[in-house]
Amino acid sequence: MNLKLNKKSITILIISILAVLVPIVVKDSYIRHLFIVSYIYGIVVVSWDISLGFCGILNFAHMAFFGIGVYGCGILVKTFNVDPAIAILLSGIIAAVAAAILSAPIIRLKGIYVILVTFSFGQLLLQLVYSQVNITGGALGMVKIPNLEIAGYSFIKDYKFGYYYISLLFLAISILFVEVLGKSPFGKSLKAIRDNEDYAVSRGVSLAKQRFLSLIASSIFTGVAGGFYAVYFRVASPEVFSFNPMTLAMSMILIGGVGTVWGPVMAAIGITFANEVLAGIKGLEEVRFIFVAVLMLMVMKFSPGGLYSLVGKIPIKKISNLFRGKEVNG
Amino acid sequence: MEIVVITIVSGLVLGALYALMASGLSLIWTALGVFNYSHGPLMAFGAVVTWTVIEKLGFSLLPAAVIGIVAAALIGAIVERFLVRSFYGNRDLLLLSCMTTLTSMIIIEKGIQIIWGSRLKLLPRIIGGEINVFGAVISAHEGLIIIISPLILLFLWRFMASTQTGRSMRAVGQNQEMAHLIGINVPKTYLLVFAISTGLAGLSGVLLGGIRFVLPTMGAEPLLKAMTVIIFGGLGSLGATTGAAFILGMLEAILVQFVGMYWTPSILFLLLIVVLIFRPTGLFGSK
Amino acid sequence: MSYLLDVKDIVAGYGAVTILRGVSIHLDKKESIGLFGPNGHGKTTLLHAISGLIKPRQGHVYFNEVDLSSVKPYKIVKMGLVHSPQGNTLFSAMGVGEILELSAFTKRAKENKTRNFEKVYTLFPRLAERKKQLAKTLSGGERQMLSIAAALMCSPEVLMLDEPTLGLSPLLKEEVCNAIAGIKATGIPLLIVEQDVGFLLSLVDRLYLIEQGEVVREMDKSNKLAHREIMDIYFGKVE
């Protein structure tokens, strides 16, 4: 047990160091941009794990909370002239409030109803965004959202240097949040609900309360990610409520492994890059979503635990023995 | 007085459409415990295939529609056979099947967009002209929908209640093991359920194509409406779904008339939530 | 020597667990057999393996000399080998008459439908009185009868019954026993799994005792010594 912890910790440490060093090695604005986008998705999918993965709630409204974060931030900045930095943090709270409002009626429902209602919620928001043109800018969205600037330092300077580290920081915080939550008594109660509802109830776990809390916890950083997205891209468009981001996020959490923390993060980075590469190839702009979808289907069919579940099966000892010239036994 | 008649008639048309759309979804849910997201784009698929047969092969509406419906049923069968089937018996069937059908939805919708393009198309109506119903003027096509839909639903109901095949479809959803043991070919039954359901989706698409534009995304909003119908009515019986569809159609017609199109979806959603709070299994729900 | 039903060296289980460790039994044309033994030792699993619900890891099942390996359950029913499972879960949202009607699903069942309906309603008058009643509102005993009746509607050449009297009161047990005797009287060979050995002895000609996933004794009823032995094993006293 001790040994396992160390191996994982070392890997995490190495990855973290690499991540911090990236801007030193990579000066290209576009590649840094890709990292930033993957970090944003990373925050979103890791947070999704709290409600979908740990608690087993069939939460299809998650991307809607992301969108609420985006538009919340946009409205705060453009309509109310709030400083972008504060607006980003407030977006998390807005998303959490929205989650609280949506969750209240649905926590007692059976699985299939939760799916339908949460899904409908997202679609409803899309319609609202299109129709309330005065507030949201309708189909064109809100543009020219100001850049992030704190105490005179503009984050976009030096080829998005600041943005890179801020997004990495947010990602790190959210990963920490989810990991700690997962190992806490609260997290354990969520997993108990997922694994055996009746037993959890008989042991005194309040189904409704825990589900409520998990949905809120799920939405906080998602909202922040949304706010950051709005400021970074300087645009809030209805696109965020469409199926494209949802497909990507779903693929990341599925391929990474629902319920695991690092799987979806790695998948977020991998898929974002793959997605961009495919987008660059002429003629494949629309087809790439089909590729992603097909990939998802294959993973679901052959490795429903996501690719992360295969990690444990990599025979590391055997491989290292091979390198050392030892015999490869059992 | 005229407004009332117009509202009622619109409500009937909407209700008839929604009932047809929701019936297929309800069928799959009852028999398999699976929610088929690809139902939406399959409506578009039925419409678009029909359009192609009319435009490129010169067929008339009826035979073209049959081909469109069969095409939709075939895709549904493929989705069942190769995607959903592997998850039966899995503890996470609901989540996995939702993700699978959601993914198929994306593939089919994008596929239609790539193959047929996003430009608007129109399907011919069953009959042209308009009719006058107690002072409200609607297209004859819409009038026919009001008649056709209940007929089809009636036929479906009789099929499910009185034929061995229909009964076997209900049986596999209630007790799969027992179904095997009385000689029912369970996998074939599942396939049939999917095919019939998606065929219904194709039919809805063809009928819808006469009123609205044929687009790759034309199935998205109807799917949402069908989902709302199912939540409203509660899953489990065709009667509940049909009843809920007409109630929803009426409500929508009334709201659109008096509150306007922009706020109607939000109010309907709110109503839905209210219903679910007091009756967590829908208005007529049982399970 | 060809038996009607020949089960040879079946090794089977669920997932990683092996329950049957090489079981062989057989059923001849004019006889009925019984399986008894402690709970959880493989009797139900054996029936599942025979009717095709689970695939044996090793061994073969022959019915009318046809190898049933890889034959789908519905085809096995079509051939006339019918399994009435334990637990009478049935189709809760359907009515009695409807379930019986549905059970005449295969071709051979359809051909004999009218005759089987008569048989069923004669053997189980309670069901005749409740044709429209929903299965889930029936009492435990009535559900059990319906379960057996449904199996009859499949027009079996061999009928396998899994714990037909489980959870029934003595009065109902006797009713079911009489009904099963009635079925036997129409010439259908039976394979009955039962806890109640006394019950078995009144209906079958040979018994298999199954423990730990193996056949440990095969006993012929006509052998009086075997009878005593069985009773002693199970009750520690003479009944």
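Model, not experiment: these values are computed from the prediction.

J.: Help me understand the overall build of chain B in this model?
T.: Across its full length, chain B holds 11 helices and two strands. In chain B, the succession of α and β elements from N to C terminus is α-α-α-α-β-β-α-α-α-α-α-α-α. Taken over the C-alpha trace, chain B has a radius of gyration of 19 Å; the compact-globule value for 287 residues is 19 Å, and the two agree within 12%. If one aligns the C-alpha atoms of chain B with their principal axes, the spans along those axes are about 60 × 50 × 35 Å. For chain B, the proportion of contacts with a sequence separation of at least 24, taken over those separated by at least 6, is 72%. Carbon and sulfur atoms provide 71% of the accessible area of chain B, an area that totals close to 11200 Å².

J.: Looking at this model, I keep getting lost on the interface of chain C and chain B. Mind explaining?
T.: Many structure descriptions define interface size as the accessible area lost when the parts assemble. In this assembly, 24 residues from chain C lie in contact with 17 residues from chain B. Summed over both sides, the interface between chain C and chain B buries roughly 2000 Å², with carbon and sulfur atoms accounting for 65% of that surface. Among the residues chain C hides against chain B, the three largest losses belong to Tyr74, Phe91 and Phe105 of chain C. Together they make up 31% of the total. At the boundary of chain C with chain B, the tally comes to two salt bridges. Measuring nitrogen to oxygen at the nearest pair gives 2.9 Å for the salt bridge that ties Glu98 of chain C to Arg170 of chain B. Linking chain C to chain B there are 10 residue pairs in polar contact (both at pLDDT 80 or more). Mapped by element, the contributors of at least two residues to the side of chain C that touches chain B are α1 (43–51), α2 (73–79), β6 (81–84) and α3 (96–103) of chain C.

J.: Quick question: what am I supposed to make of the side chain of Gln123 of chain A here?
T.: Within the secondary structure, Gln123 of chain A sits in helix α5 (residues 111–131). On the basis of relative accessibility, which here comes to 12%, the residue Gln123 of chain A falls in the buried class.

J.: So what exactly am I meant to see when it comes to the pattern of salt bridges here?
T.: Side chains bearing opposite charge may pair, as long as their charged atoms lie close to each other. All chains considered together, the criterion is met by 17 salt bridges over all chains. Of the charged contacts in the structure, one is a salt bridge between Lys183 of chain A and Glu179 of chain A, with a shortest N-O distance of 3.0 Å. Residue Lys183 of chain A and its partner Glu179 of chain A are both found in helix α7 (residues 157–183); the two are separated by four residues, about one turn of the helix. Residues Lys225 of chain B and Glu221 of chain B are paired through a salt bridge, measuring 2.8 Å at the closest nitrogen-oxygen approach. Taken together, the positions of Lys225 of chain B and Glu221 of chain B, both in helix α9 (residues 220–233) and four residues apart, correspond to about one turn of that helix. Residue Lys225 of chain B is classed as buried on the basis of its relative accessible area, which comes to 15%. By sharing partners, the salt bridges in this structure join Arg126, Glu129, Arg130, Glu142 and Glu175 of chain C into a single network.

J.: What am I meant to see in the confidence of the model for chain C here?
T.: Reading fine detail from the predicted coordinates is not recommended where pLDDT is low. Per-chain confidence: chain C averages 88 in pLDDT, with 94% of residues scoring 70 or above. What the predictor reports for the complex is a pTM of 0.84 with an ipTM of 0.90.

J.: Quick question: what am I supposed to make of unusual backbone geometry here?
T.: Trans is the common state for peptide bonds, and a negative phi is the common state for residues other than glycine. All names here are of chain C. The phi dihedral of Asn64 is positive, around 50 degrees, even though this residue is not glycine. Mapped onto the elements of the fold, Asn64 is located in the loop between β4 (58–63) and β5 (66–67). A residue is classified by how much of its surface remains accessible, and Asn64, at 35% relative accessible area, is partly exposed. For Glu163, which is not glycine, the phi torsion reads 50 degrees and is therefore positive. By secondary structure assignment, the location of Glu163 is in the loop between β7 (158–162) and α8 (170–185).

J.: Whenever I open this one, a positive patch on the surface confuses me. Can you help?
T.: Together, Lys301 of chain A, Arg81 and Lys188 of chain B together with Lys72, Lys75, Lys78, Lys107 and Lys110 of chain C give the surface a local cluster of positive charge. Among the secondary structure elements, those contributing two or more residues to the positive patch are α2 and α4 (107–111) of chain C. Tracing the sequence through the fold places Lys107 of chain C in helix α4. Taking the relative accessible area as the measure of exposure, Lys107 of chain C reaches 60% and is therefore exposed.

J.: What is the right way to look at the packing of aromatic side chains in this model?
T.: Each aromatic ring pair is described using two quantities: the centre-to-centre distance and the angle formed by the ring planes. Applying the stated criterion across every chain yields a total of 22 aromatic pairs over all chains. Between the aromatic rings of Phe60 of chain A and Tyr37 of chain B, the centroid separation amounts to 6.3 Å while the plane-to-plane angle is 35 degrees, which identifies the pairing as tilted. With Phe60 of chain A in the loop between α2 (29–54) and α3 (62–80) and Tyr37 of chain B in the loop between α1 (2–32) and α2 (39–57), this residue pair bridges two chains. Like Phe60 of chain A, the residue Tyr37 of chain B is buried in the burial classification. Site record: aromatic cluster; members linked through ring pairs are Phe66, Tyr163, Phe170, Phe228, Tyr229, Tyr232 and Phe233 of chain A. Across the ring face of Tyr121 of chain C, the terminal group of Lys131 of chain C is positioned such that the distance to the ring centre comes to 4.8 Å.

Parameters and conventions
Residues numbered from 1 in each chain as written. Chains lettered and ligands numbered in written order. Predicted model: local features only at pLDDT ≥ 70, side-chain atom pairs only at ≥ 80, totals over all residues. Heavy atoms only, no water. Helix = DSSP H or I, 4+ residues; strand = E, 2+ residues; numbered from the N terminus. Rg over C-alpha atoms; globule rule 2.2 N^0.38 Å. Contact = heavy atoms within 4.5 Å. Areas by Shrake-Rupley, 256 points an atom, 1.4 Å probe, with all protein chains shown as cover. Buried area = accessible area lost by both parts, 1.4 Å probe. Salt bridge = Lys/Arg side-chain N within 4 Å of Asp/Glu carboxyl O. Polar contact = N/O pair within 3.5 Å; in protein donor to acceptor, adjacent residues only side chain to side chain. Buried < 20%, exposed > 50% of the residue type's maximum accessible area, 1.4 Å probe, protein only. pLDDT = per-residue confidence, 0-100. Patch = residues over 30% accessible without salt bridge, like charges linked within 9 Å, V, L, I, M, F, W, Y side chains within 5 Å. Lys, Arg positive; Asp, Glu negative; His and termini not counted. Charge placed at Lys NZ, Arg CZ, Asp CG, Glu CD. Phe/Tyr/Trp six-rings, centres within 6.5 Å; stacked < 30°, edge-to-face > 60°. Lys NZ or Arg CZ within 6 Å of the ring centre and 35° of its normal.

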